[in-house]
Amino acid sequence: MTAELDIWLLITAHPDDESMFFIPTLRNLLCLDYKNDSNDSQKPNIHLLCLSNGDYRDVSDGPVRTKEFYKACSLIGIDGSKSSGASSVVVLDDDRLKDGPNEVWNSDLIVDTVLERLQTILSSKQQQSTQQQQINVHIITFDQGGVSGHPNHVDVFRGIKHFLDEKCHVVRGDDEKLMARLILKQQADTNGQDNNNNHTEVNLRVLTLQTISNPLYKYFLWIFVELLPIFLIWLVQVLLYTIYLLLGGFLFSKKGNRSIRFSRMNTTSDGKHLRCRLFDPVLVWMAMAAHSSQFVWYRRLSVLFSRYTYLNDLHELAIDPTLLSEEEEDEDALPPVNTIEEDSSSPKFLLSNAQMVVLREAVLPIGLHHRPWKRIYSLSRDGDSFISFEKHITNWNAKFGDSSTLLVVKTTKGEVIGGYADAIATSSPRPGTARSCLFRAEKDGSFTVYDGKQNSLGTFFEGSPHRLKSGGTEGSSKKILLDSTRRIIAFGGGLGMKSGDGFGLCLEDGFARGTTARCEAFCNEPLVEGDGVFDVLDVEVYGFVFGQF
């Protein structure tokens, strides 16, 4: 029977993040019971990676804050020494990952850094054990809100999300659950020889700490809504157990630790949500006090009243089903979409070829079905300048004389939405034809298309023979806007439409955020869940090459 090895890696942005936000998680992980090859109890494999040394105010702060970080980790219970192989605690000092709210951290750099760190940890663990092991890697970090909203925290999330999408392949487990797999290369051995052929496949999941955006709830109301009921239930349990012992229950109870602990880790039945609770504000205070250069008065108050001192809610980052490893193609499958090859350093397409096939059949006019697709613009490749975006579109139209384009947007939550237009190349709103539409990728791999025809919404799956029907509403209502002055790209609504009718899809300058609303022109519902506002992870625009087959 293959043994399992669980590796927990907490990735933060600054020294003191681990003490300010993640102590309930770390302390509960330290209480987990693991066995080594000899079936002896051992400490869990917990590692910390801090991506900057916190030298925002002055370069000299970096070494000081690094020492404080190691001291705080020691108080929490995580040893940063290298006595047991690779150090469990690492602080980076990289000029490309500078601390600061105005600094932008490159996602590819974060991906490479995390991959290198995991390879180092894996090599150390495999040298310590000769037994074949199934390795499970659990990455813990911030969610898309960054917990406190700090831009560096958000960049860490973006980098880890990019890591999950770019470096992992997705398979379906025995229980039909999607699983992310990562292939890691073992580093050079003790003799300095490179293990080029020694690769290990590990299971990977990412857990993100839930952001509490309401400060009143985060520092005050949660005490009455969550902590007080939990504490009262715990007191009742202690009281009942005490009565049980007084009545002679200890004579029948098994030997061992029968204490009822307030601190505990609870997991939902599907394993995707983790709640860690801890009632040890003294420990959190001591850990934060170790960061003496940062322990100002408002952080002292935060230690006492912040929800993160007592409760951590972790949510597993959803796996994009479109990354599912492709199985053997069906003989009756539709022909693939031809794409114009790009430089090897270019980022991967947001759409898989299977998704392109579905959209081709569902959205594009028949005249475009055999045309190769060309990625005109990519946010991750070409940058977030609106002028650059407009230049790429304009040059494309001037070269091919056609403005049929497909806009694809991926949100930070993994949602894929977009629109097709045959007129998205002007600074004044132009009417699209009846073929212009909006679409949304569903979790089951299908696409829902909104073409403006009431009651004609279509859901299209891979291999579906259906195509989008033209007609439905007058084409002039489907306005497509690329506005240089307002720096927006918008589909439908917002310009002379009925009162309350918003843009079906709108991207703002910098492509950092977008909105979606009900739009009469396309008869669509908001394309994303929630209030219709979303954060953008990446944007692509595809054109269709004429004269090539």
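Thresholds applied
Residues numbered from 1 in each chain as written. Predicted model: local features only at pLDDT ≥ 70, side-chain atom pairs only at ≥ 80, totals over all residues. Heavy atoms only, no water. Helix = DSSP H or I, 4+ residues; strand = E, 2+ residues; numbered from the N terminus. Buried < 20%, exposed > 50% of the residue type's maximum accessible area, 1.4 Å probe, protein only. Contact = heavy atoms within 4.5 Å. Areas by Shrake-Rupley, 256 points an atom, 1.4 Å probe, with all protein chains shown as cover. Axes fitted to C-alpha atoms, helices over the stretch in contact; angles between N-to-C directions. Parallel < 35°, antiparallel > 145°, perpendicular 65-115°, else oblique. Left-handed = near helix turned anticlockwise from the far one by under 90°. Nonpolar A, V, L, I, M, F, W, Y, C, P; charged D, E, K, R; others polar. Phe/Tyr/Trp six-rings, centres within 6.5 Å; stacked < 30°, edge-to-face > 60°. Pairing = 2+ DSSP bridges. Expected span 1.5 Å × (residues − 1). Bend = angle between axes of the 7 residues up to and from the residue. Polar contact = N/O pair within 3.5 Å; in protein donor to acceptor, adjacent residues only side chain to side chain. Core = buried A, V, L, I, M, F, W, Y, C linked by side-chain atoms within 4.5 Å. Salt bridge = Lys/Arg side-chain N within 4 Å of Asp/Glu carboxyl O. pLDDT = per-residue confidence, 0-100.

## Regarding the overall build of the protein
Within the protein, the regular secondary structure consists of 11 helices and 24 strands. For the protein, the proportion of its 549 residues judged to be buried stands at 49%. By sequence separation, contacts in the protein at least 24 residues apart represent 66% of the contacts at least 6 residues apart. With the model as given, the accessible surface of the protein reaches about 26,900 Å², and the carbon-plus-sulfur share is 52%.

## Some words on the packing of helix α3 (residues 61-76) against helix α7 (residues 281-290)
Pairs of packed helices are described in terms of their axes, by the angle between the two and the distance that separates them. One way to put it is that α3 packs onto α7 with a least axis distance of 8 Å and a crossing angle of 160 degrees. Between α3 and α7, the angle is such that the two are roughly antiparallel. At the point where α3 passes α7, the crossing takes the right-handed sense. Where α3 approaches α7, its residues E68, K71, A72, L75 and I76 are matched on the opposing element by L283, M286, A287 and A290. Across the contact of α3 with α7, the residue classes tally to seven nonpolar, no polar and two charged.

## Side note on the environment of R277
Relative to the helices and strands, R277 resides in strand β11 (residues 273-277). Looking at R277, the relative accessible area reads 11%, which means it is buried. In the structure, R277 is positioned 33 residues away from Y310 in sequence and 5.5 Å away in space, judged by C-alpha atoms.

## Remarks on the packing of aromatic side chains
Under the counting rule described, the total for this entry stands at 18 aromatic pairs. Here the aromatic rings of F69 and Y70 are separated by 6.2 Å at their centres, their planes lie at 80 degrees, and the arrangement is edge-to-face. For the pair F220 and F224, a centre-to-centre distance of 5.4 Å together with 65 degrees between the ring planes defines the contact as edge-to-face. Taken together, the residues F220 and F224, both in helix α6 (residues 215-246) and four residues apart, mark about one turn of the helix.

## Digging into the pairing of strand β22 (residues 505-508)
Examined bridge by bridge, strand β21 (residues 488-491) and β22 share four bridges and lie antiparallel to one another. Note on β22: the bridge partner recorded for F491 is L505. Strand direction decides the pairing type here: β22 and strand β23 (residues 513-515), joined by two bridges, are antiparallel. Its bridge partner lying in β23, L507 is registered against G514.

## A word on the environment of L164
Positionally, L164 belongs in helix α5 (residues 151-167). Taking the relative accessible area as the measure of exposure, L164 reaches 5% and is therefore buried.

## A few points about unusual backbone geometry
Both trends apply: most residues other than glycine have a negative phi, and most peptide bonds are in trans. A positive phi angle is found at V147, which is not glycine, with a value near 65 degrees. You can see V147 is positioned in the loop between β6 (133-142) and α5. Judged by relative accessible area, which is 3%, V147 ranks as buried. Here the phi dihedral of C523 falls at roughly 55 degrees; this positive angle occurs in a residue that is not glycine.

## Section: α6
Taking 1.5 Å as the rise per residue, α6 with 32 residues should run 46 Å; its terminal C-alpha atoms sit 45 Å apart, in good agreement. Roughly 70 degrees is the biggest bend found in α6, and it falls at L221. Looking at α6, one finds that the buried residues are K218, W222, E226, L227, I230, W234 and Y241. For α6, the elements touching its buried residues are β11, α8 (297-305) and β12 (311-316). N-capping of α6 is provided by N214, with a side-chain oxygen placed 3.0 Å from the backbone N of L216.

## Concerning the side chain of E226
With respect to the helices and strands, the residue E226 is situated in helix α6. Overall, E226 belongs to the buried group, its relative accessible area being 11%. Within the local environment of E226, its side chain forms a polar contact with the side chain of Y217, the two groups lying 2.7 Å apart. Within polar-contact distance, the side chain of E226 engages the side chain of R275 at 2.9 Å.

## Some thoughts on the nonpolar core
Judged by nonpolar contacts, the single largest core of 72 residues is most densely connected at I11, L51, V114, L118, I139 and F163. Leaving out residues up to four positions away in the same chain, F163 has contacts with V111, V114, L115, L118, I139, C168, L182 and L204. Formed by 30 residues, the second largest nonpolar core is a distinct cluster that contains I376, L438, F491 and A521.

## So, the pattern of salt bridges
Applying the stated rule across the entire model yields 21 salt bridges. The closest approach of N and O atoms between R65 and D99, which form a salt bridge, is 3.9 Å. Placement of R65 in helix α3 and of D99 in the loop between β5 (89-91) and α4 (107-128) is noted, with a sequence separation of 34 residues between them. Here the two residues R65 and D99 agree in accessibility, since each one is buried. Look at the salt bridges and you will find they share partners, linking E342, R375, R381, D382 and E540 into a network.

## Looking at the confidence of the model for the protein
Low pLDDT marks stretches whose predicted atomic positions should not be read closely. When pLDDT is averaged across the protein, the result is 79; 77% of the residues are at 70 or more. Taking the mean pLDDT of every element in the protein, the minimum, 46, falls on strand β16 (residues 430-431) and the maximum, 95, on helix α1 (residues 17-21). In the model, residues 255-259 has pLDDT below 50 throughout and makes two contacts with residues more than four positions away in sequence or in other chains. Overall, residues 454-476 carries pLDDT values under 50, and its contacts beyond four positions in sequence, including any with other chains, amount to 55 contacts.

## Some remarks on α5
Every α-helical turn comprises 3.6 residues, leaving residues that sit three or four positions apart pointing alike. Across its 17 residues, α5 extends 24 Å between first and last C-alpha, which sits within 8% of the 24 Å expected from 1.5 Å per residue. Of all the 17 residues making up α5, 13 are buried; the element is thus mostly covered by neighbouring parts of the structure.

## A short note on the side chain of S306
Along the polypeptide, S306 turns up in the loop between α8 and β12. Those residues within four positions of S306 in sequence are excluded, and the remaining contacts are K218, Y219, W222 and L301.

## As for the pairing of strand β15 (residues 416-421)
For β15, a buried count of six out of six residues is recorded, marking the element as mostly surrounded by other parts of the structure. Side chains of β15 alternate between two faces, with V416, G418 and Y420 and I417, G419 and A421 buried alike. Bridge analysis of strand β14 (residues 405-411) against β15 gives six bridges, and the strand direction is antiparallel. Within the sheet, the bridge partner assigned to K410 lies in β15 and is V416. Count of turn residues in the β14/β15 antiparallel hairpin: four residues, of which G414 carries a positive phi of about 90 degrees. Taken together, the four bridges between β15 and strand β17 (residues 437-441) define a ladder with antiparallel strand orientation. Bridge pairing in β17 links G419 to L438.

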